[in-house]
Amino acid sequence: MPEGHVIHRLASIFQADFAGHGVSVSSPQGRFAEEAARLDGSTLTGAEAVGKHLFIDFDVPDPHRIHIHLGLIGKLGFTPVTDPVGQVRLRIVSGGQAADLRGPQWCRLVTDEQYEKVFADSGPDPLRTDADPSRGLARIQRSGKSIAALLMDQRVAAGVGNIFRAEVLFRHGIDPMTPGRDIDEATWRMLWDDLVGLMAVALERGRIDTVAPEHGPEAQDRPPRVDAHGGEVYVYRRAGQPCLVCGTQVSTMMLEGRNLYWCSRCQQSHAASD
């Protein structure tokens, strides 16, 4: 499932290339045909993301906003206008550019009330300037679940997924099994601030890089990592390989249906002050 920076990147493309222009909206697959007909010929007025939710606005009466969640298999890509290929749920065309959506978990036209509920139900998003990280901390400190599990809860930190979860905990030496109620404000603020920085870099580069220069390929005389999920990382999808810092084999386990990765030697702390 794409992490939050991917959705923000899609929103920024819509904002830069489509906003303010009249658009053609269609559903070649047919499953969004009625809603597409309502929006066809309107002006796309803007796009934004919160966590893994993408919203696209049009200048028609309410409901005037498409809500997209890509889920596990959804894809949204931008291409020159040609005949649609495959099962395209939604196509938005501006000039010679087409945005084609395939296989989303959600693609629906929502009212202002439904839009506001998605925001209310989402946790703070590290990529939004209006985020209030204290909302995430409040939920963490009420829970006996592990911080590793809680970081995947979109009500704690919207947009954070498996990669950012594993990497931010490693970067600060936090034991992923630390109960949420043992995470103090200083520790949460440390993790939050790092997520803000890491996700901003991922948004800019279009890939996730979390490794400090001193642990990078050139400094360690090793080949660059090759993985479709991102760039240089410390532990994510590196199970059984040596930790880039201490050499201990990276551990993995299944946690609430997702693979968790960590270094048992580097990650023994429970708090920022440890």
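Everything numeric in this text was worked out from a predicted model, so none of it was measured.

Rules and cut-offs
- Residues numbered from 1 in each chain as written.
- Predicted model: local features only at pLDDT ≥ 70, side-chain atom pairs only at ≥ 80, totals over all residues.
- Heavy atoms only, no water.
- Pairing = 2+ DSSP bridges.
- Helix = DSSP H or I, 4+ residues; strand = E, 2+ residues; numbered from the N terminus.
- Contact = heavy atoms within 4.5 Å.
- Axes fitted to C-alpha atoms, helices over the stretch in contact; angles between N-to-C directions.

Student: Give a description of the pairing of strand E11 (residues 258-262) that names residues and reports values.
Tutor: Each regular strand shows side chains that alternate between the opposite faces of the sheet. Where strand E10 (residues 251-255) meets E11, five bridges bridge the pair, whose relative direction is antiparallel. Of the residues in E11, the one forming a bridge with Thr 252 is Tyr 261. Connecting E10 to the next strand, E11, in antiparallel fashion are two residues, including Glu 256 with a positive phi near 50°.

Student: With reference to specific residues and values, describe the sheet that holds strand E5 (residues 65-69).
Tutor: The five strands are arranged E1-E3-E4-E5-E9 in an open sheet whose pairing can be described as antiparallel. Only two strands of the sheet have a single neighbouring strand rather than two, namely strand E1 (21-22) and strand E9 (106-110). Where E5 meets E9, five bridges bridge the pair, whose relative direction is antiparallel. Residue pairing in the sheet places Ile 66 in a bridge with Leu 109 of E9. Here helix H1 (residues 4-17) sits on the sheet in contact with E1, strand E3 (43-50) and strand E4 (53-58), set at roughly 160° to E3. In the packing of helix H3 (residues 112-121) onto the sheet, the strands contacted are E3, E4, E5 and E9, and the crossing angle to E9 comes to about 130°.

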